[in-house]
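Each chain, written out:
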Amino acid sequence: MSVHVQNSRMTTAKLRQMKANGEKVAMLTSYDFTLASLVDEAGIDILLVGDSASNVVCGNQTTLPITVDEMIFLTKGVVRAAQHALVVCDMPFGSYQISEEEAVRNAIKILKESGCDAVKLEGGEEILPAIRHMIQSGVPVMGHLGLTPQSVNQFGGYGLRAKEEAEAAKLLHDAKLLDEAGCFSIVLEKIPAVLAAQVTKAVSCPVIGIGAGNGCDGQVLVLHDMLGLNQGFKPKFLRHFAKLAETVKGAASEYIAAVKDSSFPNAEESY
Ligand code: KIV
């Protein structure tokens, strides 16, 4: 008996085909079943359970504290929601840097326990052995270059990366290595648009930009940021596609007032 089901879900092969056809890839982060269901229904290509969950879900200052088990917990809900999108889970800080073996063990654990389709890792040549080993083990890998937030303490902040020639050359070199190793896609974060376009042309896999201009094969944003839920955060690259902070606060204020003046619940809202 075959349990193989033909489905219309996004695959890494379809993403490569999109690049070949010049069709842009739309990716958003997601951390829970309810919002992931809405974004999936809207037709998103990739749902990324980003380690930005450490900031937007857990309230940490950086992405560093979130753990493998916390990422798996969040990813399970997103996987249950995804009828169409490819689901990618970020490998958190410390889960792939220590040794190749540990990296592969954690990647396999994430795939097996969360049910996601692929993992994402930050870095280039220095983590290439781990990436190669993962891909050889059957784990689809998305790379991430440029501003890699897990290295914030090394960078000393979240500023634009690869402005200088040496760093730009290393980034291009790293992107080619990730592509040759078999990464199915690469995220480029907060780098000059000209460099991002050059990398996009130089590699065979789809390149997804965030703060990397319009010359990439696709774009990604943090869901809470693009929905305007995160009021204090408005970098130049971010567009607010909604103003949900105002909507949520307005609804909460109305609810509080209705409870306090006893107008909620009314007779029709009671049994
Ligand atoms: O964790 C995250 O949200 C990310 C995106 C910014 C690409 O890595």
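Before reading further, recall that the structure is shown in the block above.
Residues numbered from 1 in each chain as written. Predicted model: local features only at pLDDT ≥ 70, side-chain atom pairs only at ≥ 80, totals over all residues. Heavy atoms only, no water.

## Some details on the side chain of Gln150
Inference 1: Position of Gln150 among the secondary structure elements: in the loop between strand S5 (141-146) and helix H7 (152-155).
Inference 2: Within the structure, Gln150 has its side chain in polar contact with the side chain of Gln97 (distance 3.4 Å).
Inference 3: Leaving out residues up to four positions away in the same chain, Gln150 has contacts with Asp51, Thr63, Leu64, Met91, Pro92, Phe93, Tyr96, Gln97 and Glu122. (Helix = DSSP H or I, 4+ residues; strand = E, 2+ residues; numbered from the N terminus. Polar contact = N/O pair within 3.5 Å; in protein donor to acceptor, adjacent residues only side chain to side chain. Contact = heavy atoms within 4.5 Å.)

## Some points on the state of the cysteines
Inference 1: With the rule as written, the count across this model stands at zero disulfides.
Inference 2: Considering cysteine sulfurs only, Cys205 is the nearest to Cys183, which forms no disulfide, with 6.7 Å between them.
Inference 3: For Cys183, a relative accessible area of 0% translates into the label buried.
Inference 4: The thiol sulfur of Cys216 is not disulfide-bonded, and the nearest other cysteine sulfur, from Cys205, lies at 11 Å.
Inference 5: Classification of Cys216 as buried rests on a relative accessible area of 3%. (Disulfide = S-S within 2.5 Å. Buried < 20%, exposed > 50% of the residue type's maximum accessible area, 1.4 Å probe, protein only.)

## Observations regarding the site of the ligand
Inference 1: Within the structure, the ligand sits among Thr29, Leu48, Gly50, Asp51, Ser52, Asp90, Lys120, His144, Glu189, Ile210 and Val222.
Inference 2: Residue Asp51 places a side-chain N or O atom 3.0 Å away from an oxygen atom belonging to the ligand.
Inference 3: At 3.1 Å, a side-chain N or O of Asp90 approaches an oxygen atom of the ligand.
Inference 4: Against a free-state accessible area of 260 Å², the protein chains account for coverage of 96% of the ligand.
Inference 5: Structurally, the ligand is housed in the largest pocket.
Inference 6: Looking at the shell around the ligand, its residues break down into three nonpolar, four polar and four charged. (Near = heavy atom within 4 Å. Areas by Shrake-Rupley, 256 points an atom, 1.4 Å probe, with all protein chains shown as cover. 1 Å grid on protein atoms, 1.4 Å probe; cavity = no way out; pocket = protein on both sides within 12 Å on 5 of 7 lines; lining within 4 Å. Sits in = over half its atoms within 2 Å of the grid points. Nonpolar A, V, L, I, M, F, W, Y, C, P; charged D, E, K, R; others polar.)

These results come straight from atomic positions and should not be treated as a statement about function.
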